[in-house]
Amino acid sequence: MKKTFRRGMMVLLCFTLFFSTMVYGESVLTLTEEQMMKRYLEQSPDMAKIHIQEQLLKKQHKETLDAYQKAKDQARSAKARLRSAEDSRNYYEKEYLNTSTGSQAEEVAFQEFHWSLHTYDGTKKAYQQALKQEGNLLKASEQLVLQVEQAEHKRKQDLAQLKSNFQKDCWDLLLLEKQKELLEKNKQLLHQRLQVEKVKKDLNLTTERAIEQLENQLQEVNVQLKTMDTQIHMVYDNLKRKLDIPLEQEVTFVLSLPQTYGARVKGVSDLVKKFKENSLQFKMIQRNQEIQEEYEKKIQEAYKEEDSEYQVATLETEQINLETKDQAYQMEQGVRQLYDQYKKALESLYHSIEAYELAEKQWREMTLRYEWGQISQLQYEQQAYALEQAQYQKMQQTIGYMKLKEAVELAAQGVF
């Protein structure tokens, strides 16, 4: 009986441990960068948003096109009624002019002519309003037409931008973790220096002020470490959200420093050319200019040059032409500045590589001196720390360069 009871308790204990592990997420989920990117593209809320935006665009496109077609039909009908009213006006005007002055027929003809004028004016106003409505819907529908035509291209651009932004988040986490590692080593060095200074103080070889300065530096490093932990935790939570992982789940992200290589553009002129060819925004402002010109023609068809509507449409066209020219210039200048930043980042990367190679050479020299007993362990560890700092600077410049390289690649695809 006792054996059965013990066996049952053991089974219950094992089940309880297994259940608590499953419920409270004690197992650690480990993901490589490749696995992270795959999961992000398959499960992320950001990808779902792109799909929803595409569906909404299609709905808006259909509704706007239906409204535009209805407005076109109404404008066509209004134009036909205007022509009929114009023919009627001309007929009754001719009848009135051909009647004898002072006769009863003249009075009747005048009334009919007056009625035809009134009908013509009302029909003309209705036609003008219908044409304005058609013109306004033309602007909205043509913009949506362009968006629908370019939906597949835009989806590829959005995907490329999402992947780039996600990669940047991974690089930021890599830098933060390396920075935390440096702070922890700096803390160890400061602690060793503090112990040395305390021994020297016992021998009257240093001052209390020197000890206080080291203690203050240690406190500052502790504060920086706490801040760093908070930042890393925030980046982890952000990545979990993007990967659709519960926040309470423990995760280890296996990250690596990217390999540097040049952007696939032949120079700034090539980049500007590719941007103009692929930029949906650039094509949109050009299409807006064309749409305004079409709208102006419709208004000129319905109104006279002295009419306010005619003058407003003409001024709006001039304004859009100027804005289009200015926006195109601003975008091109932005792309050129981006390429300039990219080239400067490449130069900074080269300098950081040279600095790292110099620090590595100095570290090798210090290693030999340490092995020969010419320097203390603290001096050797300080030189090793200097090497790690140079390595961190190289990592920082590498990631900074890769971010700008990614931005240049996106600009070549029309994303800026």
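Residues numbered from 1 in each chain as written. Predicted model: local features only at pLDDT ≥ 70, side-chain atom pairs only at ≥ 80, totals over all residues. Heavy atoms only, no water.

Thoughts on the overall build of the chain
Right, so step 1: A count of helices and strands for the chain gives 10 helices and two strands.
Right, so step 2: Going from the N terminus to the C terminus, the chain shows its helices and strands as α-β-α-α-α-α-α-β-α-α-α-α.
Right, so step 3: Relative to the globule expectation of 22 Å for 416 residues, the C-alpha radius of gyration of the chain, 38 Å, shows a markedly less compact shape.
Right, so step 4: Principal axes of the C-alpha set define a box for the chain whose edges measure 135 × 75 × 45 Å.
Right, so step 5: For the chain, buried positions account for 35% of its 416 residues. (Helix = DSSP H or I, 4+ residues; strand = E, 2+ residues; numbered from the N terminus. Rg over C-alpha atoms; globule rule 2.2 N^0.38 Å. Buried < 20%, exposed > 50% of the residue type's maximum accessible area, 1.4 Å probe, protein only.)

Section: the pattern of salt bridges
Right, so step 1: In this structure the tally under the stated criterion is 23 salt bridges.
Right, so step 2: Residues Asp73 and Arg76 are paired through a salt bridge, measuring 2.8 Å at the closest nitrogen-oxygen approach. With Asp73 and Arg76 both in helix 3 (residues 45-98) and three residues apart, this pair spans about one turn of that helix.
Right, so step 3: Judged by its relative accessible area of 33%, Asp73 falls in the partly exposed class.
Right, so step 4: For the salt bridge of Glu360 with Arg364, the shortest nitrogen-to-oxygen distance reads 3.9 Å. Here Glu360 and its partner Arg364 are both found in helix 9 (residues 308-371), four residues apart, which amounts to about one turn of the helix.
Right, so step 5: Judged by relative accessible area, which is 45%, Arg364 ranks as partly exposed. (Salt bridge = Lys/Arg side-chain N within 4 Å of Asp/Glu carboxyl O.)

Observations regarding the packing of helix 5 (residues 151-202) against helix 10 (residues 377-412)
Right, so step 1: Where helix 5 contacts helix 10, the two axes come as close as 10 Å, and the packing angle between them is 165°. Comparing their axes, helix 10 and helix 5 come out roughly antiparallel. Pair helix 5 / helix 10 crosses with left-handed handedness.
Right, so step 2: Of the residues that constitute the contact of helix 5 with helix 10, the class distribution is 14 nonpolar, nine polar and 10 charged. (Axes fitted to C-alpha atoms, helices over the stretch in contact; angles between N-to-C directions. Parallel < 35°, antiparallel > 145°, perpendicular 65-115°, else oblique. Left-handed = near helix turned anticlockwise from the far one by under 90°. Nonpolar A, V, L, I, M, F, W, Y, C, P; charged D, E, K, R; others polar.)

Points about the nonpolar core
Right, so step 1: Ranked by internal contacts, the top residues of the largest apolar core, which has 61 residues, are Met36, Phe166, Leu173, Leu243, Phe253 and Leu271.
Right, so step 2: Here this core takes 13 residues from helix 5, the largest share from any one element.
Right, so step 3: By size, the runner-up hydrophobic cluster in this structure holds 14 residues, among which are Ala75, Tyr120, Tyr295 and Tyr310. (Core = buried A, V, L, I, M, F, W, Y, C linked by side-chain atoms within 4.5 Å.)

Details of helix 5
Right, so step 1: The terminal C-alpha atoms of helix 5 lie 76 Å apart, and with 52 residues this matches the ideal 76 Å at 1.5 Å per residue to within 8%.
Right, so step 2: Asn204 sits one or two residues past helix 5 and shows a positive phi near 60°. (Expected span 1.5 Å × (residues − 1).)

Some thoughts on unusual backbone geometry
Right, so step 1: Phi is positive for Asn204, close to 60°, though the residue is something other than glycine.
Right, so step 2: Within the secondary structure layout, Asn204 lies in the loop between helix 5 and helix 6 (208-242).
Right, so step 3: For Asn204, a relative accessible area of 68% corresponds to the exposed category.
Right, so step 4: Positive phi, normally seen in glycine, also occurs at Asp244, with a value near 60°.
Right, so step 5: Note that Asp244 resides in the loop between helix 6 and strand 2 (251-254).

A few points about the packing of helix 7 (residues 268-278) against helix 10
Right, so step 1: At a closest axis distance of 7 Å, the pairing of helix 7 and helix 10 adopts a crossing angle of 50°. By the angle class used here, helix 7 and helix 10 are oblique. In this structure, helix 7 uses Leu271, Lys274, Phe275 and Asn278 to contact helix 10, whose residues at the interface are Val408, Ala411 and Ala412.
Right, so step 2: Counted by class, the contact of helix 7 with helix 10 contains five nonpolar, one polar and one charged residues. (Contact = heavy atoms within 4.5 Å.)

Overview of the side chain of Glu409
Right, so step 1: Along the polypeptide, Glu409 turns up in helix 10.
Right, so step 2: On the basis of relative accessibility, which here comes to 8%, the residue Glu409 falls in the buried class.
Right, so step 3: Leave out the neighbours within four places in its chain, and Glu409 touches Gly262, Ala263 and Arg264.

A few points about a nonpolar patch on the surface
Right, so step 1: On the surface, Val199, Leu203 and Leu205 cluster together into a nonpolar patch covering about 320 Å² of accessible area.
Right, so step 2: Relative to the helices and strands, Val199 is located in helix 5. (Patch = residues over 30% accessible without salt bridge, like charges linked within 9 Å, V, L, I, M, F, W, Y side chains within 5 Å. Areas by Shrake-Rupley, 256 points an atom, 1.4 Å probe, with all protein chains shown as cover.)

Details of the packing of aromatic side chains
Right, so step 1: Within this structure, the stated rule accounts for 10 aromatic pairs.
Right, so step 2: Here Tyr96 and Phe110 contribute two aromatic rings whose centre-to-centre distance is 5.6 Å and whose plane-to-plane angle is 55°, an arrangement assigned as tilted. Residue Tyr96 is found in helix 3, and its partner Phe110 is found in helix 4 (residues 104-149); the two are separated by 14 residues along the sequence.
Right, so step 3: Tyr96 gets classed as partly exposed once you look at its relative accessible area, which sits at 23%.
Right, so step 4: Their ring planes at 10° and their centres at 4.7 Å tell us that Tyr370 and Tyr380 sit as a pair that is stacked. Placement of Tyr370 in helix 9 and of Tyr380 in helix 10 is noted, with a sequence separation of 10 residues between them.
Right, so step 5: With relative accessibility at 32%, the residue Tyr370 sits in the partly exposed group.
Right, so step 6: Put simply, the rings of Tyr91, Tyr92 and Trp115 pair up and form one aromatic cluster.
Right, so step 7: Lying over the aromatic face of Tyr120, Arg89 brings its terminal NZ or CZ to 4.4 Å of the ring centre.
Right, so step 8: The lysine or arginine in question, Lys394, covers the ring of Tyr356, its NZ or CZ lying 4.3 Å from the ring centre. (Phe/Tyr/Trp six-rings, centres within 6.5 Å; stacked < 30°, edge-to-face > 60°. Lys NZ or Arg CZ within 6 Å of the ring centre and 35° of its normal.)

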